[in-house]
Amino acid sequence: CRRPPWPPAAMVKKLTTASAGFLLNATLDDVTEGRASYTQTGRRKRNRDKAEQRTQEIELQAEKAPRLQAKWLEDERKKTQLPRPGREASEGGAPGEGGIGVGIEDFEGGDGTLGKKKARRMAVLAAKKSREAGKKGNAEKRAHAVAAEALKGKAKKTAMTPAAAELLQRCRRDPAGEQRLLALVAERVSGNPEKELEIFDVFFELHNHGSDATTKNLALLSAVAVFKDLVPGYRIREQTEAEKNQVRSKVVLTMEKHEMTLLQTYRRLLPAIEAAMKRDGPTFANALSALVKAGPDFNYRQRLIHTAVRHANSGDAGVRRAVSEGLQDMVEADQRLEASKELVLAVGHIAQTTAAGKGGAGGLHIELLQVFLRLQVGRAESAALQEDTGAMKDADDETRKGLAESSITQGSAHLEKAEAELLYEVFCVYLRVMRQRHFHGRELIACVLVGLARWGQQVNLELLLEILQELRHAVRDAIKQSDELVALQGLNCALVLLSGPSQALITDATWLETALTQAFALALPSLYSTHSESAEWPPARCYDLAGGTSLQYSRKELAATLEAESVPFLVLRCLDNAMRCPHGFGKASDGVLATLLEALFLLAAGADSFVGMALLREASTLLKKNRRLHTLLDPEGGLFGLGGITDRAVSIAWQLQPLACSLAPAPARIGRGLADVIRGRRALLGDIFSARDAKSWLESEFPQHLVALLEAPKPGSQKVQPTRGAASFCDSPEELRRRIGDCGGF
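Residues numbered from 1 in each chain as written. Predicted model: local features only at pLDDT ≥ 70, side-chain atom pairs only at ≥ 80, totals over all residues. Heavy atoms only, no water.

Before we go on, may I ask you to explain the packing of helix α13 (residues 301-312) against helix α15 (residues 338-355) in this structure?
Two numbers describe how α13 lies on α15: the axes approach to 9 Å, and their chain directions differ by 45°. The angle between α13 and α15 falls in the class oblique. Considering how the two elements wind past one another, α13 and α15 form a crossing that is right-handed. In contact with Arg-301, Gln-302, Ile-305, His-306 and Val-309 of α13, α15 contributes Glu-338, Ala-339, Glu-342, Leu-343, Ala-346, Val-347 and Ile-350. Across the contact of α13 with α15, the residue classes break down as 7 nonpolar, 2 polar and 3 charged. (Axes fitted to C-alpha atoms, helices over the stretch in contact; angles between N-to-C directions. Helix = DSSP H or I, 4+ residues; strand = E, 2+ residues; numbered from the N terminus. Parallel < 35°, antiparallel > 145°, perpendicular 65-115°, else oblique. Left-handed = near helix turned anticlockwise from the far one by under 90°. Contact = heavy atoms within 4.5 Å. Nonpolar A, V, L, I, M, F, W, Y, C, P; charged D, E, K, R; others polar.)

The structure is reproduced here in structure tokens:
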């Protein structure tokens, strides 16, 4: 179309020649400036309107889909990723977004079509990518197969490293030379493991092809002794082919190489120690124990723990003791409770096999259940107290997750879940043993009862009632069989369970009073020593002679030993829990308490003098609190029943007579002055008892026996002259009275 003439004819005025040019120029300039300003104003307005419209659209989109932190981080990652030629649009996003992504659209034409040359190139790249993916998959399958073979103990023999082969070539192949080489290799690997770990093959070679049996055993023992100090406290993850192709720094590559060398060494060491334990368990039991303590968080933890549990239940007592000590140390140092759960599952499998009649003649041994008593249940409460909840109150989920991953300790929520799962498995084992207690020994049943008393209050009420029924049957069977250990442990467990939150239960607990008195009567033969049920005296791991001059003891180990292996201490615990339990003796009548005190004083009179002092202290404290029972101190005694033919007088004066006649100074002093101290309102029991309480007195049994040796003369220091003739002793009644003194009414 034709454009209209410019300027319009109406705007041209017919004036004179001089003025017409001036007016025409002025009119044209004004019109041009007005048109330019009108055009500029329209563009600014349109741009402003578009910007406002775009802002409104963005706000609407944000309201429809809120901008989360995870989405924002993902968008930023996509925007800042490095360019990769040939990357598809679905992988890298649009090419125009972020400014650095390169996709197929960058090579396409304006209409989005792909040329033939470019299509061929893309097909070649796709085929190459497919071949690389196939190679990676095959490599991962081969690595998985190698790891599976190593896990089964059938790993292929690998070639020896050149450094190890050179050392063996220069070594003199006789026992002395090979043992010197073992010492040299152990020193070099321990001193610089990053560089010298390649000569670790010397241990395996000498273990397999040593000159004699001693050298072969020393090679494997030295390997374990060196490797236990190199085990990291985490699990090494094998890298995939994609991770291996990534560019990494020299430090990272060195660390990865060292970790993989450690893992490959462990794959050969673990099957070797398993085979050695089957061949000669007593020799390598300590080595397996050391490996268990060092590697509970390392790779192949399940296999290591199951191997240790199997040998901790073997028929050799020495092997059981060595391996169980390693398991105890492992459980005590377990921070995440993962290794503890694997241990409990392994023991539960053995208990299930024993219950099914497939466990052989050995069955389940007490050493495994003694490890249960070292479980670190209660770490969740400690972790909750140490957590700073105020600082993380306003933090989002991503921040909490990142801090949890970077922390070296577990949170209270994770530990609570782990403890619940652990206790569930523990109670499964305990109840299986209790219901089939005829398959197990008395020591094992007593250990189960200790565990139930420790953690039984954390179960629900239905299971608690079921446990109480099992305890009732177990105590009655033990009393019928005259088994004081199981009877007292069962009574103590029942009293502890009924003293906690379950004391509001309405249940039949009348059997506790009669059963406790009968169990006390059965306990007299076991009151000859504080550690009556311990296989050793003093018990293992409790005392240590430091420097050959000072005696040190572990309060934790001694308390655990007294809890599980001491009948005198168990009697005191039953008495203490019975006084606190409302279903026991907490609300008992005077007649029931009088019968109980009579049994306690009878035990104190017939027990060992040292153990009797502790029983006298507890019984005297109970008698001094109940003034209505002071008539027990009279020789005639008192009647506390309902009368009738079956009622009898109860007195403890006759139990004090043999104590007053004791040759030991302390029991004699207590037997003579105890009645006056109990009756007196201002007299204190501490005036006649040297110990602060009964528990501390029992704990000091072994040190007091050692102190007595200081007063004994050294052998050979004094020469005793033999006397001629027969020695006269108490030839007359006057001499007898002079020696035994006044015993009060004797």
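Here the narrative resumes.
What am I meant to see in the packing of aromatic side chains here?
In this structure the tally under the stated criterion is 12 aromatic pairs. Judged by centre distance (5.1 Å) and plane angle (70°), the rings of Tyr-266 and Phe-298 are edge-to-face. Separated by 32 residues along the polypeptide, Tyr-266 in helix α11 (residues 250-279) and Phe-298 in the loop between α12 (281-294) and α13 bring together distant segments of the chain. Measuring from centroid to centroid gives 5.1 Å for Trp-537 and Phe-702, while their planes differ by 75°, and the two rings are edge-to-face. One end of the pair, Trp-537, is in the loop between α23 (511-522) and β1 (543-546); the other, Phe-702, is in helix α31 (residues 701-711), and 165 residues separate them in sequence. For Phe-702, a relative accessible area of 11% corresponds to the buried category. Connected via pairs of aromatic rings, a cluster forms that spans Phe-200, Phe-203, Phe-204, Phe-227, Tyr-266, Phe-298 and Tyr-300. (Phe/Tyr/Trp six-rings, centres within 6.5 Å; stacked < 30°, edge-to-face > 60°. Buried < 20%, exposed > 50% of the residue type's maximum accessible area, 1.4 Å probe, protein only.)

Sorry if this is basic, but what is going on with the nonpolar core here?
In a soluble, globular protein the nonpolar side chains are often hidden away together inside. In this structure, Leu-327, Leu-369 and Leu-674 are the most contacted members of the largest nonpolar core, which totals 170 residues. Those residues in contact with Leu-674 that sit more than four places away from it in its chain are Phe-601, Leu-616, Ser-620, Leu-656, Leu-685, Ile-688 and Phe-689. (Core = buried A, V, L, I, M, F, W, Y, C linked by side-chain atoms within 4.5 Å.)

What is the right way to read the packing of helix α26 (residues 590-606) against helix α27 (residues 609-625) from this model?
Packing of α26 against α27 brings their axes to within 8 Å, and their N-to-C directions diverge by 155°. Comparing the axis directions of α26 and α27 gives the class roughly antiparallel. Here α26 runs over α27; the crossing is left-handed. Counting all contacts with α26, which are made through Leu-597, Leu-600, Phe-601, Leu-603 and Ala-604, the residues of α27 involved are Gly-612, Leu-615, Leu-616, Ala-619, Ser-620, Leu-622 and Leu-623. Of the residues belonging to the contact of α26 with α27, the class tally is 10 nonpolar, 2 polar and no charged.

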